[in-house]
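The lines below spell out each chain.
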Amino acid sequence: GNTILRGEVYATDKDGKAIPAQDVGGMLNANVWKSRLLQEEKGPLTTAIFDVVKHKGKPAEDLPYSEKLRILKEISEREGDLFHLPDTAETKEDKEKLYKDIQEKKHKQTSEGVIVWKKDESFPPTKVNHRPDFDVYVRKIFPAYGKDGKELDRAGGFAYSWEPDGEIVGRVGTGF
């Protein structure tokens, strides 16, 4: 039916452990044949579903997460080859164990952090990660370049500083 889900594509190695995001980006940005070769080499792409926008033609964004979770479980059970749920925890003990495993990099799906949903509310989730976030000042946009070394007509990334007029201290970009 007319269902819209939110999810995330990632890849896992032969042991089922998530591979680094930059490797997944390489698979997703490659042509079909190169992507298939990379998946054979590094691990297959998979999709984790975590939110419901529309279900069977009806709006679902404002549903409490407990109802969304019921729908997601139903879809995951039916379409397990295409979609799965990320590991979830509901009891205090399970939450503490999951969080600890992620912090200690023992969890296979991620080492980045957790998403916290309020089970009986429709408010947006909160992301709790283990890497510090930084506010930076974008100082310069630099171009992307093709395989032939020619400049492309799009952004390739940006240079940043810690202060509005400070020294440029870093660059970010992997193909915007």
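Refer to the structure above for everything that follows.
Residues numbered from 1 in each chain as written. Predicted model: local features only at pLDDT ≥ 70, side-chain atom pairs only at ≥ 80, totals over all residues. Heavy atoms only, no water.

K.L.:
So what exactly am I meant to see when it comes to the overall build of the protein chain here?
P.N.:
A tally of regular secondary structure across the protein chain gives 4 helices and 9 strands. Of the regular secondary structure in the protein chain, the N- to C-terminal order runs β-α-α-β-β-α-β-α-β-β-β-β-β. A buried classification covers 23% of the 176 residues belonging to the protein chain. Of all intrachain contacts in the protein chain linking residues separated by at least 6 positions in sequence, the fraction that spans at least 24 positions is 41%. Of the roughly 12800 Å² of accessible surface on the protein chain, a fraction of 51% belongs to carbon and sulfur atoms. Charge centroids of the protein chain, computed over 30 positive and 32 negative side chains, lie 2 Å from each other. (Helix = DSSP H or I, 4+ residues; strand = E, 2+ residues; numbered from the N terminus. Buried < 20%, exposed > 50% of the residue type's maximum accessible area, 1.4 Å probe, protein only. Contact = heavy atoms within 4.5 Å. Areas by Shrake-Rupley, 256 points an atom, 1.4 Å probe, with all protein chains shown as cover. Lys, Arg positive; Asp, Glu negative; His and termini not counted. Charge placed at Lys NZ, Arg CZ, Asp CG, Glu CD.)

K.L.:
Would you mind showing me how to read the nonpolar core here?
P.N.:
The nonpolar side chains of a soluble globular protein tend to be buried, and buried together. Judged by nonpolar contacts, Ile 49, Val 52, Ala 60, Tyr 65, Leu 69, Ile 71, Leu 72, Ile 75 and Leu 85 together constitute the single largest core of 9 residues. At the level of secondary structure, the elements contributing two or more residues to this core comprise β2 (45–55) and α3 (65–78). The element that contributes the greatest number of residues to this core is α3, accounting for 5 residues. Setting aside chain neighbours within four positions, we find Tyr 65 in contact with Phe 50, Leu 72, Trp 117, Lys 118, Lys 119 and Glu 121. (Core = buried A, V, L, I, M, F, W, Y, C linked by side-chain atoms within 4.5 Å.)

K.L.:
How do you make sense of the pattern of salt bridges when you look at a structure like this?
P.N.:
Working definition: two side chains of opposite charge can pair if their charged atoms are close together. Following the criterion strictly, the structure yields 14 salt bridges and no others. Its salt-bridge partner being Arg 70, residue Glu 67 comes within 2.6 Å of it at the nearest N-O pair. In this pair, Glu 67 and Arg 70 both sit in helix α3, 3 residues apart, roughly one turn of the helix. Here the residues in one salt-bridge network are Glu 67, Arg 70, Glu 74, Arg 78 and Glu 79, joined through shared partners. (Salt bridge = Lys/Arg side-chain N within 4 Å of Asp/Glu carboxyl O.)

K.L.:
Mind showing me how you'd approach α3 here?
P.N.:
Structural remark: α-helix, 3.6 residues per turn; residues separated by three or four positions point the same way. For α3, with 14 residues, the first-to-last C-alpha span of 20 Å sits near the 20 Å given by 1.5 Å per residue. Within α3, burial applies to Tyr 65, Lys 68, Leu 69, Ile 71, Leu 72, Ile 75 and Ser 76. Along the axis of α3, the buried positions cluster into a sector of 165 degrees, meaning they face one direction only. In this structure, α3 carries Glu 77 and Arg 78 as exposed residues pointing more than 90 degrees from its buried face. Elements in contact with the buried residues of α3: β1 (4–11), β2 and β4 (83–84). (Expected span 1.5 Å × (residues − 1). Arc of directions from axis to C-beta.)

K.L.:
Whenever I open this one, the packing of aromatic side chains confuses me. Can you help?
P.N.:
Remark: the centre distance and the inter-plane angle together describe each pair of aromatic rings, the angle taken between the planes. Following the criterion strictly, the structure yields 4 aromatic pairs and no others. Their ring planes at 70 degrees and their centres at 5.8 Å tell us that Tyr 160 and Trp 162 sit as a pair that is edge-to-face. Grouping aromatic residues by their ring pairs yields a cluster made of Phe 134, Phe 158, Tyr 160 and Trp 162. Between the NZ or CZ atom of Arg 171 and the centre of the ring of Phe 142, over which it lies, the distance is 3.7 Å. (Phe/Tyr/Trp six-rings, centres within 6.5 Å; stacked < 30°, edge-to-face > 60°. Lys NZ or Arg CZ within 6 Å of the ring centre and 35° of its normal.)

K.L.:
What am I meant to see in unusual backbone geometry here?
P.N.:
Glycine aside, residues mostly have negative phi, and peptide bonds are mostly found in the trans state. One non-glycine residue with positive phi stands out, namely Lys 56, at about 50 degrees. Of note, Lys 56 is situated in the loop between β2 and β3 (58–59). Residue Lys 56 is classed as exposed on the basis of its relative accessible area, which comes to 57%. Despite not being glycine, Lys 105 has its phi angle at roughly 60 degrees, a positive value.

So far we have only geometry, and geometry alone does not tell us how the molecule works.
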